[in-house]
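Summary of structural features
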Amino acid sequence: MKKVLTIAGSDGSGGAGIQADLKTFAAHGVFGLSVITAVTAQNTLGVQAVQDIDREMVSKQIEAVFDDIEVDAVKIGMVSQTATIETIAGALKKYTPEHIVLDPVMAAKNGCHLLKKEAETLLIKELFPLAEIVTPNIPEAEAITGLGIDNLQQMEEAAAAIFRLGARNVLLKGGHLEGNPTDILYNGREFLYFTQARIETKNTHGTGCTLSSAIAANLALGREVEEAITLAKDYITVAIEHSLPLGRGAGPTHHFYALYKKAGLIP
Ligand SMILES: Nc1ncnc2c1ncn2[C@@H]1O[C@H](COP(=O)(O)OP(=O)(O)OP(=O)(O)O)[C@@H](O)[C@H]1O
Ligand SMILES: Cc1ncc(CO)c(N)n1
């Protein structure tokens, strides 16, 4: 069985972060491992509080996993602060996993910062060059490049600018623009478009976490970058289509719809 590690923050409401990542891994038939960088007090309405895990504990968690288990792919989500980024970068340079997917998480949907402002530059400098794919959303790409993004042309320009910062593949997610969401992959040679009909729902909590984890799972399973993204998009689309109206805000997506349906657990 393939093993995939998520290095990310905990979302106790189960829609994003570590919880979304582990569900995504389980749904892909890969074994999920986790290293927790921060604990958030969070629900469908937003993030109420964040407590970082200190760098020694992040370091020990990573060592405990890699010193004992062969990891096929790593997904990095919320990294919170400079000390955590330095620790993760050092460890990944030491253990050199074959696949690294970096979701450069900066803020939650209610605007709460999940990455300290002073840590943004370090995230780019230390982690982008280690990543096989980075998956920014529109606000993250704007923060990273300083460019305004309102259309597909500007998305292409931003993806190319992020590629020049050292990532080997940039998947710029278009969920935040109006119309049918288009994600653009830039690999240094060409721009590839992944477009889906927009699903009308407010329950999109954790879509970015889920997409990057699904890409990591598919890379671990031996798929090439483009195919891994195509399959991950199919997965997130079904998960959004069957998302759950939990809580009073943006509810979570459904990770196991296809599996439950097949098992007869859903009529
Ligand atoms: N309403 C929607 N219908 C279909 N696909 C969507 C919808 N919203 C987002 N997506 C897709 O989901 C994926 C995640 O995109 P999005 O831009 O929402 O990421 P994100 O902002 O990082 O998510 P989050 O911060 O909630 O984890 C992308 O592939 C995007 O195209
Ligand atoms: C822990 C965590 N990671 C990432 C996100 C971004 O969706 C979130 N809301 N919470």
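Along each chain, the written sequence defines residue order, and numbers are assigned to residues from 1. In the order they appear in the text, chains get letters beginning with A and ligands get numbers beginning with 1. Two thresholds apply to this predicted model, a pLDDT of at least 70 for residue-level local features and 80 or more for giving and counting side-chain atom pairs, whereas whole-chain, interface and lining totals are computed over all residues. To obtain the side-chain values, all non-hydrogen atoms of the structure were used and water was disregarded.

Topic: the overall build of the protein chain
Selection criterion: Put simply, DSSP marks the helices as runs of H or I at least four residues long and the strands as runs of E at least two long, and each gets a number from the N terminus on. In this setup the radius of gyration rests on C-alpha atoms only. A globule is expected at 2.2 Å times the number of residues raised to 0.38. Accessible area is worked out with a 1.4 Å probe on protein chains only. A residue is then buried under 20% of its type maximum, exposed over 50%, and partly exposed in between.
Tallying secondary structure elements over the protein chain gives nine helices and nine strands in all. Here the C-alpha radius of gyration of the protein chain, 17 Å, is about what a compact globule of 267 residues would show, namely 18 Å. The principal-axis extents of the C-alpha atoms in the protein chain amount to approximately 45 × 40 × 40 Å. Counting the 267 residues in the protein chain, one finds 55% classified as buried.

Things to note about the site of ligand 2
Short version of the rule: A cutoff of 4 Å decides nearness: a residue is near a molecule or strand if any of its heavy atoms lies inside that distance of it. Within 3.5 Å is the distance limit for a polar contact, defined as a pair of N or O atoms, with the added protein rule that one can donate a hydrogen and the other accept it, and that residues adjacent in sequence qualify only through two side-chain atoms. Accessible surface is estimated by sampling points in the Shrake-Rupley manner with a 1.4 Å probe; for residues, cover comes only from the protein chains shown. A cavity, in this analysis, means grid points on a 1 Å lattice covering only the protein atoms where a 1.4 Å probe fits yet has no way out; a pocket is instead an open set bounded by protein on both sides within 12 Å along at least five of seven lines, and a residue lines either one if it has an atom within 4 Å of a point. Just a note on the criterion: a molecule sits in a pocket or cavity if more than half of its atoms are within 2 Å of the grid points.
Around ligand 2, the structure places G9, S10, A16, G17, Q42, M78, V105, A108, L114 and C209. Between Q42 and ligand 2, the recorded distance is 2.8 Å, taken from a side-chain N or O atom to a nitrogen atom. Bound to the protein, ligand 2 loses 90% of the 290 Å² it would expose on its own. Its atoms largely coinciding with the cavity grid, ligand 2 occupies the largest pocket.

Brief notes about the site of ligand 1
What counts is decided by this rule: For this classification, Asp, Glu, Lys and Arg are treated as charged, while Ala, Val, Leu, Ile, Met, Phe, Trp, Tyr, Cys and Pro are nonpolar and the rest, including Gly, are polar.
Taken together, 18 residues lie near ligand 1, and K109, K173, H176, D183 and K233 sit nearest. Within the side chain of K173, an N or O atom sits 2.8 Å from an oxygen atom of ligand 1. One of the side-chain N or O atoms of K233 is found 2.8 Å from an oxygen atom in ligand 1. For ligand 1, the protein covers 94% of the area, taking 640 Å² as the surface of the free molecule. Here ligand 1 occupies the largest pocket. For the shell around ligand 1, the elements supplying multiple residues, two or more each, are α7 (207-220) and α8 (225-241). With four residues, the top contributor of residues to the shell around ligand 1 is α7. For the shell around ligand 1, the per-class residue count stands at six nonpolar, seven polar and five charged.

Notes on the environment of F66
Applied cut-off: Here a residue-residue contact requires only that any non-hydrogen atoms of the pair lie within 4.5 Å.
Tracing the backbone shows F66 in helix α2 (residues 55-66). Given the relative accessible area of 12%, F66 is considered buried. If near-sequence neighbours (up to four positions away) are discounted, F66 is found in contact with L5, V71, V74, L92, Y95 and P97.

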